[in-house]
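Coordinate analysis (summary)
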Amino acid sequence: MVDEGKNLGTPDKVLFAVVLILIIMGTIMIYSSSSIMALERFRDPQFFLKKHLLMLLLFGFPIMVYFMKMPYEWLQKLAYPTVIISIFLLILVLIPPFGPQIGGAKRWLRLGVFSIQVSELAKVAVVLFMAHFLSRKYDLLKDPKRGIVLPLTVVLAVIFLILREPDFGTAVMVGVISIVMLYIAGCRLRYLVITGMMSIPFFVWLLVSKAYRLKRLTAFLDPWSNPHSTGFQIIQSFLSFGSGGTFGVGLGDGMQKLFYLPEPHTDFILAVVAEEMGFFGVAVVIILFGILVYRGFVISMRAPDLFGMLLASGLTVLLALEAFINIAGVMGLVPVKGLALPFMSYGGSSLVMSMAAVGMLLNISSRD
């Protein structure tokens, strides 16, 4: 066991530096991509920039430092309370007036002047819960009833509530991360294959049961078949990438963000990077995320115990999946899903929880 208040080393400097660079790049690109839109909507070109900086300074960095400095054992103590609170909030968000319906979905919980996207908290909570459970019940992994069914029952409860919002992409992500963590913990592969095979019909049914999900799939397969509707987003993203060339048209000089590219400061911020900073800018972002994922797995391999190894692995997979889905989506390699690009996209809940995840990784890295 690790001594409760004692650091055995310094936090991973490379990971911290990479995250800081991504945050700085993201802040610059948020201002570049949103200033004209903010001026049109709110008569203030710095509206989104100010809110982003407020979230960073008021919540993001303090929460990251808090999780980095807290006693290591407290991370384990947070596992069950955090997942219970997440389930409660996921239920609460479905009840008016706590969860207002925005764009046909109930994903936001209103807390006074602030709103939080509860599914962002739930993703991290599931990783914490799985790391704690699997490290405590490691001997049960060979017993599918107690070692697999029990933790997956909690995960399925979270997935069910997220699907009720509805948020298909996040629900799938939670399921994938849980299966990966079971595999890393040493669960027999055949049990996971059986679980995955049993899940396929259910997720296919979810995909075809909603018309808008089928439209997204159709737009991914052939966006040009309906360029003014379902294919509009990805086509505008393609134009951004094509316009940027090798080094881009120049910071702030992009045209696609001028009411062509939908939500350029959130889901499609990498498309703005592609147009204004070109292939070079996109390559830098991808390389930075590659380094982040590499350092995350290095931290997991050097973790002081099984809990730390599983937690670091789960958090790294979480950040890697979010980055991959966003990057691949704006490039047209996978269907577009409304997931933020960690540390770069505008969005308070996603930013804060990503920084909380990094704080935990830095905490684990200081105990190796």
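In this text the structure is predicted, and so the values were computed from the model without any measurement.

Some thoughts on the nonpolar core
Looking at soluble globular proteins, one finds that nonpolar side chains tend to be buried together. Leu134, Leu182, Leu311, Leu341 and Phe343 are the most contacted members of the largest nonpolar core, which has 97 residues in total. Discounting chain neighbours no more than four positions away, the residues touching Leu182 are Met130, Leu134, Leu141, Gly147, Ile148, Leu152, Cys187 and Leu192.

Quick notes on the packing of helix H2 (residues 47-69) against helix H13 (residues 348-365)
One way to put it is that H2 packs onto H13 with a least axis distance of 7 Å and a crossing angle of 25 degrees. In this view, H2 runs roughly parallel relative to H13, as classed from their interaxial angle. The two elements H2 and H13 cross, and the hand of that crossing is right-handed. Two secondary-structure elements touch here, H2 through His52, Met55, Leu56, Phe59, Gly60, Phe61, Ile63, Met64, Phe67, Met68 and Lys69 and H13 through Gly348, Leu351, Val352, Met355, Ala356, Val358, Gly359, Met360, Leu362 and Asn363. By residue class, the composition of the contact of H2 with H13 is 15 nonpolar, five polar and one charged.

Points about the packing of aromatic side chains
Ring pairs (aromatic) are described by centroid distance and by the angle formed between their planes. Within this structure, the stated rule accounts for ten aromatic pairs. A centroid spacing of 3.9 Å and a plane angle of 15 degrees characterise the contact between Phe42 and Phe47, whose relative ring orientation is stacked. By relative accessible area, which is 23% here, Phe47 ends up partly exposed. Look at Phe48 and Tyr346: their rings are 5.2 Å apart centre to centre, the planes differ by 80 degrees, and that puts the pair in the edge-to-face class. Taken together, the residues Phe48 in helix H2 and Tyr346 in the loop between helix H12 (306-330) and H13 connect sequence positions 298 residues apart.

A word on the side chain of Ser354
Here Ser354 lies in helix H13. With residues near it in sequence (within four places) discarded, Ser354 still touches Leu319, Glu322, Pro342 and Phe343.

So, a nonpolar patch on the surface
Taken together, the side chains of Tyr183, Leu189, Val193, Met197, Ile200, Phe202, Val204, Trp205, Val208 and Leu214 define a hydrophobic patch exposed on the protein surface, amounting to about 1,000 Å² of accessible area. A per-element tally of the nonpolar patch places helix H8 (residues 189-209) first, with eight residues. Summarising the element assignment, Val204 is placed in helix H8. Owing to a relative accessible area of 44%, Val204 belongs among the partly exposed residues under this scheme.

Some words on H12
Across its 25 residues, H12 extends 36 Å between first and last C-alpha, which sits within 8% of the 36 Å expected from 1.5 Å per residue. Of all 25 residues in H12, 19 are buried, a share of seventy percent or more. The distance from a side-chain oxygen at the start of H12 to the backbone nitrogen of Phe307 is 3.4 Å, and the residue carrying that oxygen is Asp305. Directly beyond the C-terminal end of H12, a positive phi value near 80 degrees is found at Gly332.

A word on the confidence of the model for the chain
Detailed reading of predicted coordinates is not advised where the pLDDT is low. The pLDDT averaged across the chain works out to 89; a share of 96% of its residues lies at or above 70. For the stretch residues 1-7, pLDDT sits under 50, and the model shows 16 contacts to residues farther than four places along the chain or on other chains.

Topic: helix H5 (residues 118-136)
Each turn of an α-helix holds 3.6 residues, which means side chains three or four residues apart point in the same direction. The terminal C-alpha atoms of H5, which comprises 19 residues, lie 27 Å apart, in line with the 27 Å expected from a rise of 1.5 Å per residue. Burial analysis of H5 places 17 of its 19 residues in the buried class, which makes it a mostly covered element.

Brief notes about the environment of Val285
Take Val285: it is sitting in helix H11 (residues 269-301). Overall, the relative accessible area of 0% leaves Val285 in the buried class. Counting along the chain gives 219 residues from Val285 to Tyr66, while the straight-line C-alpha distance between them is 27 Å. Not counting residues up to four positions away in its chain, the partners in contact with Val285 are Met25, Leu270, Val273, Leu341 and Met344.

Structural notes on the environment of Met331
Structurally, the position occupied by Met331 is in the loop between H12 and H13. For Met331, a relative accessible area of 28% gives the class partly exposed. Residues Met331 and Pro304, spaced 27 residues apart in sequence, show a C-alpha to C-alpha distance of 39 Å. Beyond its immediate chain neighbours, meaning those up to four positions away, Met331 contacts Ile234, Phe238, Phe241, Val282 and Ile286.

Calculation rules
Residues numbered from 1 in each chain as written. Predicted model: local features only at pLDDT ≥ 70, side-chain atom pairs only at ≥ 80, totals over all residues. Heavy atoms only, no water. Core = buried A, V, L, I, M, F, W, Y, C linked by side-chain atoms within 4.5 Å. Buried < 20%, exposed > 50% of the residue type's maximum accessible area, 1.4 Å probe, protein only. Contact = heavy atoms within 4.5 Å. Axes fitted to C-alpha atoms, helices over the stretch in contact; angles between N-to-C directions. Helix = DSSP H or I, 4+ residues; strand = E, 2+ residues; numbered from the N terminus. Parallel < 35°, antiparallel > 145°, perpendicular 65-115°, else oblique. Left-handed = near helix turned anticlockwise from the far one by under 90°. Nonpolar A, V, L, I, M, F, W, Y, C, P; charged D, E, K, R; others polar. Phe/Tyr/Trp six-rings, centres within 6.5 Å; stacked < 30°, edge-to-face > 60°. Patch = residues over 30% accessible without salt bridge, like charges linked within 9 Å, V, L, I, M, F, W, Y side chains within 5 Å. Areas by Shrake-Rupley, 256 points an atom, 1.4 Å probe, with all protein chains shown as cover. Salt bridge = Lys/Arg side-chain N within 4 Å of Asp/Glu carboxyl O. Expected span 1.5 Å × (residues − 1). Polar contact = N/O pair within 3.5 Å; in protein donor to acceptor, adjacent residues only side chain to side chain. pLDDT = per-residue confidence, 0-100.

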